[in-house]
Amino acid sequence: MLDFSFTEEQERVRDMVRRFCEAEIAPLAQEADETETFPRELFQKWGEVGLLGVRYPEADGGAGMDKITDCLIREEMSAVSQGFASAWSAHTHLGIWPIWRAGTEDQKQRFFKPALAGEKIAAFGLSEPDVGSNVRGLKTRAEKVEGGWRLNGSKMYITNAPIADFILLAARTDAEQSASAISLFIVELPNPGFDINSLKKEGIRASETGLIHIEDAFVPDDCLLGGEIGTYPIILESLSENRIGVAANAVGIARAALDASLAYAQDRQIGSRRVSDFQAIQHKLADMAADIEAARWIVFHGAWRVDQGTLDAATASKAKLIASETALRATENAIRIHGGAGIMRDYPVGRYHRDALVYVIGEGTSEIQRNITARGLGL
């Protein structure tokens, strides 16, 4: 890792994504945040340029890229709109990765392939109202009935749920509290047993998030992921790798805050001096730059570990903890540097801060990441 540098191909992809984001995402970001609506047609555009299949083999219809490239893409997308990046991530990784990993051939043809093309939008239903970060404690139940399963329960904070064509749903397939009792179901939407309500959020408002009430929802046997009961390990694999990706998202938010702050401080004048001439402002900018550089390198170290097949839970947690807390500090400093302008919606730094707040909570709180890291120390 001492001689680490991006390959020409990785830099080419990063530059392509940067141009795509400037042309296709930036013009939509502010309005989508204000109206809290996601432009569905963006999924088709992502599909056309191959951005929905980044982490999947070419033989399966993907782009065959590594995790480092995935993190470069996430950083670029998040620097323009974290709301859009969140919708993209929930679809491309959590929503369809388990289907690629463990689905039957029929499930891949019905759900995975159309999702890669942007023809269907996916969501991942794991979080529940009264369970918190304890995945093993989920209460949504799946009861075996003739020809399929009957689902009952609820899910909360589910990204893409209001616009999804299908949701990959975690449910308990028997009364045991063991991990082996947790399975995944592919539920086509709309489903008469699913009542999905859109949630109003302070952060990542350009992605649509849902509260789901499930009452006697029937799903056929062929929608049990892989046709197997007990796919909890697939959930854990998906979450660990995704924490590295989420850390890259946070770096993108922090970088956007630094770029906006530099531009403002160099342009804004107080009397005869630019804001950037004041040492106090220079120190804030220097701290932001140093923190972001450190966070970026632990993220890419984690991505490299994914590509080497050596990622462990503690490394993923460290990357997510450091990157999300860096984004929170950087975006708060951005508001301070902007002064009164920082709380005006004509400037993006307030949106960056609201988005950063999501990532010290979502995908495992900072406290959970510290717990995992402590366990890695033998504590």
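Residues numbered from 1 in each chain as written. Predicted model: local features only at pLDDT ≥ 70, side-chain atom pairs only at ≥ 80, totals over all residues. Heavy atoms only, no water.

Novice: Describe the overall build of the protein, naming the residues involved and giving the relevant values.
Specialist: The number of helices and strands found in the protein is eleven helices and nine strands. In terms of overall size, the protein behaves like a compact globule, its C-alpha atoms giving a radius of gyration of 21 Å where 379 residues would be expected to give roughly 21 Å. Viewed in the frame of its principal axes, the protein has a C-alpha envelope of about 80 × 45 × 40 Å. Within the protein, the proportion of its 379 residues that are buried is 55%. By sequence separation, contacts in the protein at least 24 residues apart represent 75% of the contacts at least 6 residues apart. Summing over all exposed atoms, the protein offers an accessible surface of approximately 16,400 Å²; the carbon and sulfur share of this is 50%. Across the protein, the mean location of the 41 positive side-chain charges is 4 Å away from that of the 54 negative side-chain charges. (Helix = DSSP H or I, 4+ residues; strand = E, 2+ residues; numbered from the N terminus. Rg over C-alpha atoms; globule rule 2.2 N^0.38 Å. Buried < 20%, exposed > 50% of the residue type's maximum accessible area, 1.4 Å probe, protein only. Contact = heavy atoms within 4.5 Å. Areas by Shrake-Rupley, 256 points an atom, 1.4 Å probe, with all protein chains shown as cover. Lys, Arg positive; Asp, Glu negative; His and termini not counted. Charge placed at Lys NZ, Arg CZ, Asp CG, Glu CD.)

Novice: Which residues make up the nonpolar core, and what values do they have?
Specialist: C71, I244, L285, M288, V299, A323 and Y352 are the most contacted members of the largest nonpolar core, which has 42 residues in total. Secondary structure elements with two or more residues in this core: helix 3 (67–80), helix 7 (232–267), helix 8 (279–308), helix 9 (313–338) and helix 10 (349–359). Top contributing element to this core by residue count: helix 7, with 13 residues. In this structure, F111, A115, I182 and I235 belong to the second largest nonpolar core, which totals 25 residues. (Core = buried A, V, L, I, M, F, W, Y, C linked by side-chain atoms within 4.5 Å.)

Novice: Outline the environment of A175, listing residues and values.
Specialist: Along the chain, A175 turns up in the loop between strand 4 (166–172) and strand 5 (182–188). Judged by its relative accessible area of 75%, A175 is exposed. For the pair formed by A175 and S5, sequence separation is 170 residues and the distance between their alpha carbons is 50 Å.

Novice: Go over the pattern of salt bridges, please, and point to the residues and values.
Specialist: Counted by the stated rule, this structure contains 28 salt bridges. We note a salt bridge from E76 to R255, for which the minimum N-O separation is 3.0 Å. Here E76 is found in helix 3, whereas its partner R255 is found in helix 7, with 179 residues between them in sequence. The same class applies to E76 and to R255, which are both buried. D130 is paired through a salt bridge with K139; the nearest N and O atoms lie 3.3 Å apart. Residue D130 is classed as exposed on the basis of its relative accessible area of 53%. Owing to a relative accessible area of 48%, K139 belongs among the partly exposed residues under this scheme. (Salt bridge = Lys/Arg side-chain N within 4 Å of Asp/Glu carboxyl O.)

Novice: Which residues make up unusual backbone geometry, and what values do they have?
Specialist: Omega for the peptide link from L189 to P190 comes to 0°, which places this bond in the cis form. Even without being glycine, N160 reaches a positive phi, approximately 75°. Structurally, N160 can be placed in the loop between strand 3 (148–159) and strand 4. The phi angle at D216 is positive, at roughly 50°, despite the residue not being glycine. Turning to its location among the elements, D216 is positioned in strand 7 (residues 209–220).

Novice: Would you mind going over the environment of H301 in detail, with residue names and values included?
Specialist: The topology assignment puts H301 in helix 8. On the basis of relative accessible area, H301 is assigned to the partly exposed category, the value being 28%. A C-alpha to C-alpha distance of 34 Å links H301 and E119, two positions 182 residues apart in sequence.

Novice: Which residues make up the side chain of Q107, and what are the values?
Specialist: Within the secondary structure layout, Q107 lies in helix 6 (residues 105–116). In terms of polar contacts, Q107 uses its side chain to reach the backbone carbonyl oxygen of L224, at 2.8 Å. Among the polar contacts listed, one links the side chain of Q107 to the backbone nitrogen of G226, at a separation of 3.0 Å. Each residue touching Q107, except ones within four places of it in the same chain, is listed here: I99, F112, I186, D222, C223, L224, L225, G226 and G227. (Polar contact = N/O pair within 3.5 Å; in protein donor to acceptor, adjacent residues only side chain to side chain.)

Novice: Would you mind going over the packing of helix 1 (residues 8–35) against helix 3 in detail, with residue names and values included?
Specialist: Packing of helix 1 against helix 3 leaves a shortest axis separation of 9 Å and a crossing angle of 25°. Between helix 1 and helix 3, the angle is such that the two are roughly parallel. The two elements helix 1 and helix 3 meet at a crossing, and its hand is right-handed. Packed against helix 1, whose contacting residues are Q10, V13, R14, V17, R18, C21, I25, A26 and A29, the element helix 3 presents I68, T69, L72, I73, E76, M77 and V80 at the interface. Of the residues contributing to the contact of helix 1 with helix 3, the split by class is eleven nonpolar, two polar and three charged. (Axes fitted to C-alpha atoms, helices over the stretch in contact; angles between N-to-C directions. Parallel < 35°, antiparallel > 145°, perpendicular 65-115°, else oblique. Left-handed = near helix turned anticlockwise from the far one by under 90°. Nonpolar A, V, L, I, M, F, W, Y, C, P; charged D, E, K, R; others polar.)

Novice: Break down the packing of aromatic side chains for me, citing the residues and quoting the values.
Specialist: Scanning the model with the defined rule gives eleven aromatic pairs in all. Each ring, one from F43 and one from W46, has its centre 5.2 Å from the other, and the planes form 90°; the classification is edge-to-face. Of this pair, F43 and W46 are both found in helix 2 (residues 41–48), three residues apart, which corresponds to roughly one turn of the helix. With respect to burial, F43 and W46 carry one shared label: buried. Centre to centre, the rings of Y56 and F112 are 5.0 Å apart; their planes meet at 80°, and the pair counts as edge-to-face. Of this pair, Y56 sits in the loop between helix 2 and helix 3 while F112 is found in helix 6, placing the two residues 56 residues apart along the sequence. The exposure classification of Y56 matches that of F112, with both residues buried. Within the aromatic cluster, the residues linked to one another by ring pairs are F38, F43, W46 and F84. (Phe/Tyr/Trp six-rings, centres within 6.5 Å; stacked < 30°, edge-to-face > 60°.)

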